[in-house]
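Per-entry structural report
In case you want the letters, here they are:
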Amino acid sequence: MKKINGLILSEHPFPDNEFVQDIIVYEQPILCLYKSGDRVFLYYWMDTNDIMDRWVIFETNKELLEKWRDNHYLFDIVGDYILNDEVYFVNLDKENKFVVGWKTNTEELLSYD
């Protein structure tokens, strides 16, 4: 998996997020909607290896989510739908337990290969 540049996190940045629904599924969920109170988060699957999956998490809102949906969830324009330029990468083991994370920004997400 690609090296992430950002502040290393030893705990999940949003442990209380509640799963709402899968938005895109291809053999497994790729884009998922979560919430915490009135806050809306998207989890986007980025990478995998033998022991863990990497997800990117960012906050959005209902209006931005609808606009991105209208644009067919094109990844090239994802930056337009992220609040506060805050992006979190998290590695979860195969049982979806947090391993490590990073707080970073939209630029790091868009440069992910």
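Worth saying up front: this structure is predicted, and the values here are computed from it rather than measured.

So, helix α1 (residues 62-70)
Those residues of α1 that fall on the buried side of the exposure criterion are Leu-64, Leu-65 and Trp-68. The buried side chains of α1 occupy one side of the element, clustering within an arc of 100° when seen end-on. Opposite the buried face of α1, by more than 90 degrees, sit the exposed residues Lys-62, Glu-63 and Asp-70. Looking at the packing, one finds that the buried side of α1 touches β2 (18-26), β3 (28-36), β4 (39-48) and β5 (52-60). By the N-cap criterion, in which a side-chain oxygen at the helix start approaches the backbone nitrogen of a residue two or three places on, α1 is capped by Asn-61, the distance to Glu-63 being 3.1 Å. His-72 lies just past α1 and shows a positive phi near 60°.

Focus on empty space enclosed by the protein
Where empty space is left can be seen by rolling a probe of water-molecule size over the atoms. Across all of its chains, the model carries one cavity of 30 Å³ or more by this definition. Computed from the structure, the largest cavity encloses a volume of approximately 50 Å³. What lines the largest cavity is Phe-14, Arg-39, Phe-41, Ile-57, Phe-58, Glu-59, Leu-83, Asn-84, Glu-86 and Tyr-88. At the level of elements, β4 and β5 are the ones that each hand at least two residues to the lining of the largest cavity. Considered class by class, the residues forming the lining of the largest cavity number six nonpolar, one polar and three charged.

Description of the pairing of β5
In terms of burial, β5 is a largely internal element, nine of the nine residues being buried. Going residue by residue along β5, you find Met-52, Arg-54, Val-56, Phe-58 and Thr-60 tucked away on one face and Asp-53, Trp-55, Ile-57 and Glu-59 tucked away on the opposite face as well. The loop that links β4 with its antiparallel partner β5 comprises three residues. Here β5 pairs with strand β6 (residues 87-93) via seven bridges, running antiparallel. In the strand pairing of β6, Ile-57 is matched with Tyr-88.

Thoughts on unusual backbone geometry
Across the chain, the bulk of peptide bonds are trans and the bulk of non-glycine residues have phi less than zero. Even without glycine at this site, Glu-27 takes up a positive phi of about 70°. Within the chain, Asn-96 stands out as a residue other than glycine whose phi angle is a positive 65°. Taking the relative accessible area as the measure of exposure, Asn-96 reaches 56% and is therefore exposed.

Thresholds, definitions, all that
Throughout this document, residue positions are counted from 1 along each chain, in the order its sequence is written. Per-residue local features are limited, in this predicted model, to residues with pLDDT of at least 70; the limit for side-chain atom pairs, both in listing and counting, is 80 or more; totals at the level of whole chains, interfaces and linings are taken over all residues. Each side-chain value is worked out from all heavy atoms of the structure, with water and hydrogens disregarded. We call a residue buried when its accessible area falls under 20% of the maximum for its residue type, exposed when it is over 50%, and partly exposed in between, using a 1.4 Å probe and counting protein chains only. Each helix corresponds to a stretch of at least 4 residues labelled H or I by DSSP, and each strand to a stretch of at least 2 residues labelled E; elements are numbered beginning at the N terminus. The arc in question is traced by the directions running from the helix axis to the C-beta atoms. Note on contacts: a residue pair is in contact if any heavy atoms of the two residues lie within 4.5 Å. Counting of polar contacts relies on pairs of N or O atoms within 3.5 Å, with two restrictions inside protein: one atom must be capable of donating a hydrogen and the other of accepting it, and residues adjacent in sequence are counted only when both atoms are side-chain atoms. Here the term cavity refers to a set of points on a 1 Å grid, laid over the protein atoms alone, in which a 1.4 Å probe fits but cannot get out; the term pocket refers to an open set having protein on both sides within 12 Å along at least five of seven lines, with lining residues being those that place an atom within 4 Å of a point. Grid points are joined across faces, edges and corners, and a volume is the space filled by probe spheres set on the points. All amino acids are sorted into three groups, where Ala, Val, Leu, Ile, Met, Phe, Trp, Tyr, Cys and Pro are nonpolar, Asp, Glu, Lys and Arg are charged, and the leftover types, Gly among them, are polar. We call two strands paired when DSSP finds no fewer than two bridges between them.

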